[in-house]
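An overview of the molecular structure
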Amino acid sequence: MISKLILKFLLYNKIRTSLVVLSVFISSLFFISILGFGNAAKESIVNTLNRLSSDIILIIPLAIDNPLFLQRSLRTGLIGEAFRESDLKQISELPGVLGVYRTSGFDVTVSTRKEEFRLQVFAIEEEGVDLLFDTAELQEGRPILVSGNVFVGGGIADRYDMRVGDTIRINNRSFKIAGIFKKIGPNLFNIDNGIFLLNDDLVELADLDRNRVYSMVVKFDSSTDEETLRSRIHEILDRSRKIKDTDARDYSLLSGSAVSKQIGNLIDVLRYFFLVISGVSIFVSLINLTNNLYIFITEKYKQLATMKVLGGDSRFIYTMILGMSSAFIILGILPTILIVSTISLLNLPFILYATDIYISISLLILSILITSYFPSRAALSIQPAEALRYE
Amino acid sequence: MEEIVLELRGIGKYYLDGNNILWVFRDVNLKVKANEFVAIVAPSGSGKTTLLNIMATLDRPSEGKVFIDGIDISKIDDRELSYIRAKKIGFVFQQFNLIPELTALENVTLPFIFSGSRDIDYAIQLMKRIGLGERLNFYPSQLSGGQKQRVAIARALVNRPKILFADEPTGNLDPDSAKEVLRIFEELHKEGNTIILVTHDYDIARRAQRVYTIKNKTLVVKDDL
Ligand SMILES: Nc1ncnc2c1ncn2[C@@H]1O[C@H](COP(=O)(O)OP(=O)(O)O)[C@@H](O)[C@H]1O
Ligand SMILES: [Mg+2]
């Protein structure tokens with residue numbers, strides 16, 4: 001009976017009820033989407049990074065907090081001070097190191113039959129080419145890179161319609177596309193958006209100094225402790241570059257785990273930012289809901305007084321207002337739950353952890369309690385004798 | 001000894017007008033026995049509604065005590081007060097005060113929420129008894145004034161109260177509907193209900209067994225009708 005009463009009171013102004021429900025729906029969907037998609041984004045990026053480059057350290061001559069870093073991370077040597085032949089040799093002798101290979105990146109002009117564009121190409125020494133093929137599978141072609149050939153990332157190949165066997169020009173030299181990588185998402189080498197060639201070819205094409213080590217990639221035994229290895233490499237390079245203060249390092253060691261940690265932190269910051277915004281939107285919808293309960297009490301002032309005369313006690317008032325608040329909120333989150341379930345069924349990148357669900361449920365209960373508390377107090381304070389005189 | 005269902009002892013009520021105390025009435029004493037039909041007749045503004053509200057626990061007196069069925073109303077908490085309202089009294093208002101979102105039958109059974117009763121059959125029987133057996137599912141907006149007031153009477157009776165209070169129950173009705181409503185009150189009295197009714201209309205008051213008026217700011221017997 002009391003639920004029927006609540007239902008009738010919700011239906012007596014359908015438009016207002018719908019608007020409150022809509023605001024709850026929008027804010028809850030916003031909140032849960034940010035949680036779910038944010039979790040999925042972080043997980044997918046971090047996982048790929050960890051999986052694809054777990055036994056590789058990239059050494060580049062630029063501090064990671066240098067603003068140039070993000071734009072030009074691999075245009076090494078041309079910006080920072082390159083490394084020495086002896087650095088490379090000492091690192092390759094460290095325990096657990098399977099190989100150290102020269103690598104470099106360079107801005108070039110690429111022309112296909114149809115288009116011309118600027119791009120960063122990446123080069124690695126012939127002995128280390130297998131690192132590339134370990135990181136990403138080929139979509140087409142065989143995993144052999146020889147002078148005069150290039151491999152192309154899946155993203156670039158799609159965008160510029162490149163095929164195996166095509167000839168492209170890089171800074172006016174002809175190269176043959178020997179293979180195309182499958183798209184793999186974010187990774188240390190940025191394979192999806194790169195063109196890869198042999199270091200000797202790049203040295204020639206970009207007129208680089210054959211005797212300098214612009215940057216290096218270290219392949220280590222995966223049973224080796226990465227942290228220990230990193231500190232060993234730091235010792236060698238700090239000594240060679242005469243660095244005393246670790247804050248003054250003008251080079252960086254990049255690895256899958258280090259980059260994923262950094263990107264993970266970046267995503268977290270973004271996610272908290274959006275969570276705060278969605279929190280504000282939930283807050284606004286709850287204010288709207290509370291306001292509506294107050295309007296309800298004002299409009300139904302006399303009827304609430306009548307119900308008190310008929311014997312309605314404080315428990316009845318609390319139940320009714322709590323019921324209305326719950327109804328608004330539950331009607332609002334029902335479509336959200338439906339959408340979230342559909343998304344989960346569709347295998348979209350959407351992940352909710354148990355803690356997210358606990359937090360959401362606590363938030364839900366808290367919302368119902370907070371939005372109904374003050375309106376309930378207002379309804380309780382109605383004095384029948386006074387209210388019934390009210391015209 | 002006859003059962004006393006309502007007793008007023010030294011009841012007074014004042015309102016404050018700034019710093020001035022305005023007494024509406026003082027030293028009101030009254031005993032109502034089970035199955036009595038008591039009317040209070042007095043001109044508008046004399047304090048009838050105020051007094052009836054105090055008797056029916058809707059308002060607190062400034063002084064004095066109200067006993068309903070032997071219980072001192074001033075000594076009980078809100079919870080017990082609600083219980084008394086639900087179980088022991090029925091109230092009929094001048095302005096009906098039905099809930100517009102509920103049908104006639106739902107209005108009549110509304111007090112079940114507060115009393116815990118579920119006697120729908122009795123509610124329907126009451127509706128038939130007051131001549132609205134055909135209009136159980138009508139909304140208040142689909143009923144005439146007289147019909148609304150009859151629904152309100154059924155609502156007041158549905159928990160079988162000890163006392164039925166009525167504040168100008170015919171005040172908003174046309175003469176024919178008023179006559180019908182008064183006939184119902186008389187029948188209810190004959191069937192054993194205790195009724196306390198206030199009105200400014202002497203013709204209505206005449207139907208009661210005992211008639212009082214408010215004179216010189218207190219309640220006195222009216223024997224010159
Ligand atoms: N809340 C109030 N504040 C001040 N005066 C009031 C209040 N309620 C009623 N009164 C006064 O009490 C007197 C009695 O009112 P009421 O009981 O409604 O009379 P009746 O029902 O006989 O017409 C009136 O003079 C009225 O102005
Ligand atoms: Mg009055």
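One structure accompanies this document, and this report is about it.

Criteria and thresholds
Residues numbered from 1 in each chain as written. Chains lettered and ligands numbered in written order. Predicted model: local features only at pLDDT ≥ 70, side-chain atom pairs only at ≥ 80, totals over all residues. Heavy atoms only, no water. Near = heavy atom within 4 Å. Polar contact = N/O pair within 3.5 Å; in protein donor to acceptor, adjacent residues only side chain to side chain. Areas by Shrake-Rupley, 256 points an atom, 1.4 Å probe, with all protein chains shown as cover. Helix = DSSP H or I, 4+ residues; strand = E, 2+ residues; numbered from the N terminus. Nonpolar A, V, L, I, M, F, W, Y, C, P; charged D, E, K, R; others polar. Axes fitted to C-alpha atoms, helices over the stretch in contact; angles between N-to-C directions. Parallel < 35°, antiparallel > 145°, perpendicular 65-115°, else oblique. Left-handed = near helix turned anticlockwise from the far one by under 90°. Contact = heavy atoms within 4.5 Å.

**Description of the site of ligand 1**
Contacts to ligand 1 come from R389(A), Y15(B), V24(B), P43(B), S44(B), G45(B), S46(B), G47(B), K48(B), T49(B) and T50(B). Around ligand 1, the neighbouring residues derive from chains A and B rather than from a single chain. Interatomic distance of 3.1 Å between a backbone N/O atom of G47(B) and an oxygen atom of ligand 1. T49(B) is positioned such that a nitrogen or oxygen atom in its side chain is 2.7 Å from an oxygen atom of ligand 1. Out of a free accessible area of 560 Å², ligand 1 has 61% covered by protein chains. It is helix α1 (residues 48-55) of chain B that provides the largest number of residues to the shell around ligand 1, a total of 3 residues. Tallied by class, residues from the shell around ligand 1 come to 3 nonpolar, 6 polar and 2 charged.

**Thoughts on the packing of helix α11 (residues 314-345) of chain A against helix α12 (residues 354-380) of chain A**
A pair of packed helices is captured by two measures, namely the crossing angle of their axes and the spacing between those axes. Residue and element names in this part refer to chain A. Two numbers describe how α11 lies on α12: the axes approach to 8 Å, and their chain directions differ by 140 degrees. In terms of orientation, α11 and α12 fall into the oblique class. Relative to α12, the crossing made by α11 is right-handed. Across the interface between the two elements, S314, I317, Y318, I321, L322, S325, S326, I329 and I333 of α11 pack against L364, S367, I368, L369, T371, S372, P375, S376, R377, A379 and L380 of α12. Along the lines of polarity and charge, the residues of the contact of α11 with α12 split into 12 nonpolar, 7 polar and 1 charged.

**Observations concerning the side chain of S372(A)**
Note on placement: S372(A) falls in helix α12. Residue contacts for S372(A): discarding those within four places in its chain leaves L293(A), I321(A), L322(A) and S325(A).

The analysis is restricted to geometry; functional conclusions fall outside its scope.
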